[in-house]
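Take a look at the letters that make up each chain.
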Amino acid sequence: GLPRFLIIGGGGCGKTTLMQIVVVPTLQLYFQRVVLTAPSNRAARGFHPNAKTLHSIAGMKPQDSMRTSSLGIRSDQMRKRMDANQTHAGAWVHDEALQTAAPLLHATALRTTYARQHEYKLDIARYAEPAQIMGKISFFAMCGEHLQLPPVPKSSGLLASLDGTSDEHKVGASMFNRVHYLFEMHTMKRFKDPTLIAILKKMRTPGGLKLSQDEWQALLNTELDVEQLERDPEAFLRSTAGWFESSYLWSIVSMACYARATISARQAQQTLLYCQAVDVTAQIASHSKEDRDIYDRMLAVPSVGATKRLPGWVMLHPQMRVRLTTQVLPPWAVQDASGVIMEIDLSPRDRQRIQSSSDSQLVAEMVLEELPPGVYVKLDNCEHEFLPAITCQKHARSGFCKDCSDCRAFPGWILVQPLSRQWSFTDPVTGRTLQVTRTQLPLMPEPACPLYSLQGATCDPGLIAHFIMPKRADDDIKWLIVYVMLSRVRSLSRLRSIGLTPKIRKTIEGGPPSM
């Protein structure tokens, strides 16, 4: 293969844009098939419409072992998957590489070598050599920001210490470290604010640099004015409509979901509907108050990572922007895919309640008595027709006519239905561990998301950033939280901060993690 290379640079310097506009189109001129990947669905969608996650390309599920002995191609289905993606590819570009776990990079490289072994007469024993990475594919490149939050756990990262790690981790890290060429981009293209640029440059300086008083004051000016918010909450809602809201902590993200959904419903002049998850466990047989309290505590679990990607409460209304919390219809409707709610199929009972309220005065909020059987969502950047078209009476015999205003097609529309999944809940009060089956719609407001999901993204039109730190986070993670938050917006005028304290200033001035 050609020399392997890595492009790194600070947030907003144009790494992904360079790949999108220059590298990928050039590769597509020379190679019939180009593999495009990223560590997460959100990063993949931000990279290219055809990009996939590394897990998907490698045929790996979250529960699959990444031990070398488990990485062979053991089924015809997996072989066909490899053949459809990387077996006959000529080039491979991997974006947001520093968010990739070292064992996953190793697993992908080895399984790809197995897939291409007979086609290109490869020596499996050499799969980890730089020129042989990804089955000796002709062109292989990675790009990413080395000052980003690492994968979870932190110890699995490509730049983490190798002490006590598995052989698979060591080989994956070795592949990354032994690329032939490293290019570093410096000029910040995203940012339009000289003060923000100066702050970020100081943050990136090894050993750290002190902020000037003017620079710190400029940051403090972004802090949310609580007194003004209490006097005129509507002004805040209007000024931040459509903004992203993010935190490292799921407990705050869950509250942000409520705030963003409320703003969206007011703007659209729609009733905000609340859908409660249905949790069932065979380990609770009675209906006592104590048992009902346990169910309430189940609903209060904020992290969808703990509840198999199904939230306790879903808030929705027609025309609301949402994202999927889990895979619904691959490869289009995958985790973090975004879109707009077009229609909500309510249960007959709830439909009657809505109609009754509309006859007098539209209610602002309503808790549904039953989960909606389905929600129709139009996916972003998708024109595939998943649902059958509706043909008018005039064309009943001849079939759908795209030029007819009465015939109706649904490009990009998908039907999102409630999913059921099992998860384990440990009650913080009684200490009991219960096996729970949860049924819920896999939807959340798009603007409210955990910080990990914002890495590599530009938050237009703005960002409400919660600088509340996790209690057990080390200094490196705290610095990365602040850096990722500040580097998502184009200017400080597009930032509203919550929790800017002298401790945050100390973190900013402490300098980046040593790599």
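Look up a bit, the structure's there.
Quick notes on the rules
Residues numbered from 1 in each chain as written. Predicted model: local features only at pLDDT ≥ 70, side-chain atom pairs only at ≥ 80, totals over all residues. Heavy atoms only, no water. Helix = DSSP H or I, 4+ residues; strand = E, 2+ residues; numbered from the N terminus. Rg over C-alpha atoms; globule rule 2.2 N^0.38 Å. Buried < 20%, exposed > 50% of the residue type's maximum accessible area, 1.4 Å probe, protein only. Contact = heavy atoms within 4.5 Å. Areas by Shrake-Rupley, 256 points an atom, 1.4 Å probe, with all protein chains shown as cover. Lys, Arg positive; Asp, Glu negative; His and termini not counted. Charge placed at Lys NZ, Arg CZ, Asp CG, Glu CD. Axes fitted to C-alpha atoms, helices over the stretch in contact; angles between N-to-C directions. Parallel < 35°, antiparallel > 145°, perpendicular 65-115°, else oblique. Left-handed = near helix turned anticlockwise from the far one by under 90°. Nonpolar A, V, L, I, M, F, W, Y, C, P; charged D, E, K, R; others polar. Salt bridge = Lys/Arg side-chain N within 4 Å of Asp/Glu carboxyl O.

J.: I'd like a rundown of the overall build of the chain, residues and numbers included.
T.: Within the chain, the regular secondary structure consists of 17 helices and 21 strands. Computed over C-alpha atoms, the radius of gyration of the chain comes to 25 Å, within 12% of the 24 Å expected from 2.2 N^0.38 for 515 residues, which places it in the range of a compact globule. Across its three principal axes, the chain shows a C-alpha extent of roughly 70 × 70 × 55 Å. Expressed as a percentage of the 515 residues in the chain, the buried residues total 50%. Once local pairs closer than 6 in sequence are excluded, the contacts in the chain between residues at least 24 apart make up 75%. With the model as given, the accessible surface of the chain reaches about 25,000 Å², and the carbon-plus-sulfur share is 52%. Between the centroid of the 59 positive side chains of the chain and the centroid of its 48 negative side chains there is a distance of 5 Å.

J.: How would you explain the packing of helix α8 (residues 194-204) against helix α16 (residues 475-486) if you had to name every residue and give the values?
T.: Viewed as axis vectors pointing N to C, α8 and α16 meet at an angle of 155°, and their least axial separation amounts to 11 Å. Between α8 and α16, the angle falls in the class roughly antiparallel. In this structure, α8 meets α16 at a crossing whose hand is left-handed. Mapping the contact onto sequence places Leu196, Ile199, Leu200, Met203 and Arg204 in α8 and Trp479, Val482, Tyr483 and Leu486 in α16. A per-class count over the contact of α8 with α16 returns eight nonpolar, no polar and one charged.

J.: So, the packing of α16 against helix α17 (residues 502-509): which residues are in play, and what are the values?
T.: α17 packs onto α16 with a crossing angle of 90° between their chain directions and a minimal axis gap of 9 Å. Comparing the axis directions of α16 and α17 gives the class roughly perpendicular. Listed contacts from α17 to Lys478, Trp479, Val482 and Leu486 of α16 are Ile504, Thr507 and Ile508.

J.: Tell me what's going on with the pattern of salt bridges, and back it up with residues and numbers.
T.: Per the counting criterion, the structure on display carries 24 salt bridges. The partner of arginine 67 in a salt bridge is glutamate 168, and the shortest N-O contact between them spans 3.5 Å. Placement of the pair is arginine 67 in the loop between α3 (54-58) and α4 (76-85) and glutamate 168 in helix α7 (residues 167-177), with a sequence separation of 101 residues. In this structure, glutamate 383 engages lysine 378 in a salt bridge whose closest nitrogen and oxygen atoms are separated by 3.8 Å.

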